[in-house]
Amino acid sequence: MKTIPTPVKHVLIVGGGTAGWLTAAFLARTLGADAAPGAGADSVRITLVESKEIGIIGVGEGTFPSIRGTLAAIGIDEARFIRECNATFKQGIKFTDWVRPPGTPGNDHYFHPFSLPSQRPGGAELLPYWLQGAAPAGVGFAAAATMQKRVADASHGPKRFNDADFMGPLNYAYHFDAGKFATLLSTHAQSLGVRHVLATVERVTLDGQGAIGAVHTKEAGELTADLYIDCTGFRAALIGDALGTPFRNINDTLFVDRALAMQVPYDTADAPIPSYTIATAHEAGWTWDIGLHQRRGIGYVYSSRHTDDTRAEQVLRAYIGKASDGLNPRQLKLNVGYREQHWVKNCVAVGLSGGFLEPLESSGIGLIETAAYLVSYLFPHDGEMAPVARVFNEMMKARYERIVDFVKLHYCLTQRRDHAFWTDNTAPASIPESLRDKLAMWRRRAPHRMDFVVDLEMYPPSSWQYVLYGMEYPTAQYANASTLPRFEEARKEFQMIELMSHRALADLPTHRALIDHFLQRG
Ligand code: FAD
């Protein structure tokens, strides 16, 4: 018997971390929440229930530039965000010791900048010319194709004091305090009319069709809705526990499955703050090092198959040095993989409940942004869930698959053979076929934007190029003067980028001065 769909008038979001509150704010802003001042008759009731006892995961402090569009879309201005979230600017990621072990001759780091390569001459891509030797000898692709690496290396920020909110000559994202971000989002979403219930969900019951029927809480009794959004983090209380949606573990491709995290004070109040994440490779994983305004967030993500927790803590403490004395790391176990289906009947998973790959390249919050955007724009007002669920699931699965390839790219091209973790990462069986195919093509030609279905990618083609050649991939391209006719123009362009980056240093304030400016703007 076919049931008549019920219009979706009430959404219940379970979980109040970055996923829950970001989705709540996005829905309230795009659909209109019924508790907002002046709400229309066609607005939707949006309730967020979160547990006081369980709390949020409290990591996830690096973002991708898409976050600027998201903050603007939900109506949070840049100064407020920077002030309330202890935020700093992020111009990219510095990868240290990923290509070869420390102390080996050769470059010890490369940079993944967020700014795109210069598009001149005549709109032609610069990469094939860089491969053909048009840039000064020894200058890596990222440093040759954009001025961002030089600016970031010199501790300057990506924008000027008087640039408009979320705008600047260089592309950027942020680092921020995850707890403070959840608090800001919560205050903001409630001002947009989201209802807030503090209660712990103890049990979830299904209806006759096997969809979510109700969630039962300790403090607020039974809560029901037309659409449920599971933002309960790794617990996945609705999509996993209640609906039993299969989880695709991808630990055979991405090995890291544990993290140790610490919040570390600066040595001095005016210590320079890097405007990039420092990702340093170690024997069985890598450390992230994120500079916030008042502290650093540092963590070691590692593979439990390749090391043990005691050794991991030694590696983390050795990286931090004396500043780790007296501090205790938090340990986290990671479920690495994703749901084959993120939207099942009347339940959508957003955030860690839907999947998690690993912190490298900050895909977690980027995927939350995508999911919140899709739920809002595909919103099944008339209650017809199945077509919307199909589109949503296809889009999310495709995104996850592409991110897995991109993250694996960082590992599988390593020349490190000093520990099993690195050797195992280069084993062909651990590399998805889709990535192996790409790498095979790129042996004889440069990657091109036509290699990517850009709407399904979280990372633009230039990010792939920066990582590929940062990892020193040996492309021996078929090329000559007739296939690369703009060689001379490209050579001049590379010189111009270098010249412009010196000018940019005079124009752009230091990173710390830029943050202080935002804090003083009040
Ligand atoms: P959580 O923060 O865990 O929130 C879950 C919420 O659900 C909480 O409010 C909790 O109280 C509530 N809840 C759970 N069970 C119940 C229940 N039964 N009843 C009521 N409420 C309940 N992402 C990035 O983009 N960049 C990074 O640099 C990055 N680094 C990371 C590093 C590590 C080590 C890890 C593990 C993740 C990292 N991520 C990163 C991912 C990022 O942390 C998450 O995507 C993000 O914080 C969203 O988490 P969440 O809201 O899904 O879950």
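- Labelled according to an unreviewed UniProt entry, the protein appears under the name Tryptophan 7-halogenase, originating from Rugamonas aquatica.

## Examining the UniProt feature "active site" (unreviewed entry) in the protein
Point 1. Look at the UniProt record and you will see "active site" (unreviewed entry) annotated at K90.
Point 2. Residue position: K90 is located in strand β3 (residues 88-90).
Point 3. Aside from chain neighbours lying at most four places away, what touches K90 is G62, T63, Y172, A173, Y174, H175, S275, Y276 and T277.

## Considerations on the UniProt feature "binding site: FAD" (unreviewed entry) in the protein
Point 1. As annotated by UniProt and renumbered to match this structure, "binding site: FAD" (unreviewed entry) occupies G16, G17, T18, A19, V201, L352 and I365. In terms of the greatest pairwise C-alpha distance, the residues named above, spread along 350 residues, do not form a single cluster, extending to 24.0 Å across.
Point 2. With respect to the secondary-structure elements, G17 resides in the loop between β1 (10-14) and α1 (18-31).
Point 3. Exposure remark for G17: the 26 C-beta atoms within 10 Å place this residue in the buried category.
Point 4. Looking at where T18 falls in the secondary structure, it is placed in helix α1.
Point 5. If we ignore the near neighbours within four places in the chain, the residues touching T18 are G60, A178, F181, A182, G351, I365 and I368.

## Thoughts on the site of the ligand
Point 1. Close to the ligand lie 38 residues, the nearest being G17, G60, G233, G351 and G364.
Point 2. Where the shell around the ligand is concerned, the elements lending two or more residues are α1, β2 (45-50) and α10 (363-377).
Point 3. Of the residues in the shell around the ligand, the class split is 18 nonpolar, 17 polar and three charged.

## Regarding the pairing of strand β15 (residues 285-291)
Point 1. The buried fraction of β15 is high, at six of seven residues.
Point 2. Sheet topology places strand β14 (residues 277-282) next to β15; five bridges connect them, and they run antiparallel. Paired with A279 across the strands is W288, a residue of β15.
Point 3. Hairpin connection of β14 to β15: two residues between the antiparallel strands.
Point 4. Pairing between β15 and strand β16 (residues 295-302): seven bridges, direction antiparallel. Pairing of W288 across the sheet is with G299, part of β16.
Point 5. Counting the residues that bridge the hairpin from β15 to β16 gives three residues.

## Side note on the sheet that holds strand β12 (residues 247-249)
Point 1. The antiparallel open sheet is built from three strands, whose spatial order is β12-β18-β21. Looking at strand neighbours, the two that pair on one side only are β12 and β21 (355-356), the edges of this open sheet.
Point 2. With three bridges connecting them, β12 and strand β18 (residues 337-339) associate as antiparallel partners. The residue of β18 that forms the bridge with R248 is Y338.

## Examining helix α15 (residues 487-507)
Point 1. A rise of 1.5 Å per residue sets the reference length of α15, with its 21 residues, at 30 Å; its end C-alpha atoms lie 30 Å apart and thus fit the reference within 8%.
Point 2. Every buried residue of α15 is accounted for by A490, E493, F494, I497 and A504. Buried residues in α15, looked at end-on, bunch into an arc of 100 degrees, giving them a common side. Turned more than 90 degrees off the buried face of α15, the exposed positions are E488, L499, H502, R503 and A506.
Point 3. If you follow the buried residues of α15, they end up packed against α4 (127-131), α5 (141-145) and α6 (148-153).

## Let's talk about the packing of α1 against α10
Point 1. At their nearest, the axes of α1 and α10 sit 9 Å apart, and the two run at 30 degrees to each other. Accordingly, the angle class assigned to the pair α1 and α10 is roughly parallel. You can see that α1 and α10 cross each other, and the crossing is right-handed. Along the contact surface, α1 presents T18, A19, L22, T23, F26, L27, T30 and L31, while α10 presents I365, I368, A372, Y373, V375 and S376.
Point 2. Classifying every residue of the contact of α1 with α10 gives ten nonpolar, four polar and no charged.

## Here we look at unusual backbone geometry
Point 1. Even without being glycine, A236 reaches a positive phi, approximately 45 degrees.
Point 2. Unusually for a residue other than glycine, K345 sits at a positive phi of about 55 degrees.
Point 3. Topologically, K345 is positioned in the loop between β19 (343-344) and β20 (347-349).

## Observations regarding the nonpolar core
Point 1. Formed by 150 residues in total, the largest nonpolar core has its most connected members in V11, V14, A24, A25 and A28.
Point 2. At 13 residues, the largest contribution of residues to this core is made by helix α11 (residues 385-412).

## Focus on the sheet that holds strand β10 (residues 221-223)
Sheets are built from strands paired through backbone hydrogen bonds, the pairs being either parallel or antiparallel.
Point 1. Spatial ordering of the open sheet is given by β8-β9-β10, a layout of three strands whose pairing is antiparallel. For this open sheet the edge positions go to β8 (201-206) and β10, each flanked by a neighbour on one side alone. For this sheet, the mean inter-axis angle between neighbouring strands, taken without regard to orientation, is 25 degrees.
Point 2. Here strand β9 (residues 212-217) runs beside β10; their pairing, made up of three bridges, is antiparallel. Its bridge partner lying in β10, H216 is registered against E222.

Criteria and thresholds
- Residues numbered from 1 in each chain as written.
- Predicted model: local features only at pLDDT ≥ 70, side-chain atom pairs only at ≥ 80, totals over all residues.
- UniProt positions renumbered as here; feature names shortened; annotations may be inferred.
- Helix = DSSP H or I, 4+ residues; strand = E, 2+ residues; numbered from the N terminus.
- Contact = placed C-beta atoms within 7 Å.
- Buried ≥ 20, exposed ≤ 12 C-beta atoms within 10 Å, placed from the backbone.
- Near = placed C-beta within 6 Å.
- Nonpolar A, V, L, I, M, F, W, Y, C, P; charged D, E, K, R; others polar.
- Pairing = 2+ DSSP bridges.
- Expected span 1.5 Å × (residues − 1).
- Arc of directions from axis to C-beta.
- Axes fitted to C-alpha atoms, helices over the stretch in contact; angles between N-to-C directions.
- Parallel < 35°, antiparallel > 145°, perpendicular 65-115°, else oblique.
- Left-handed = near helix turned anticlockwise from the far one by under 90°.
- Core = buried A, V, L, I, M, F, W, Y, C linked by C-beta atoms within 7 Å.

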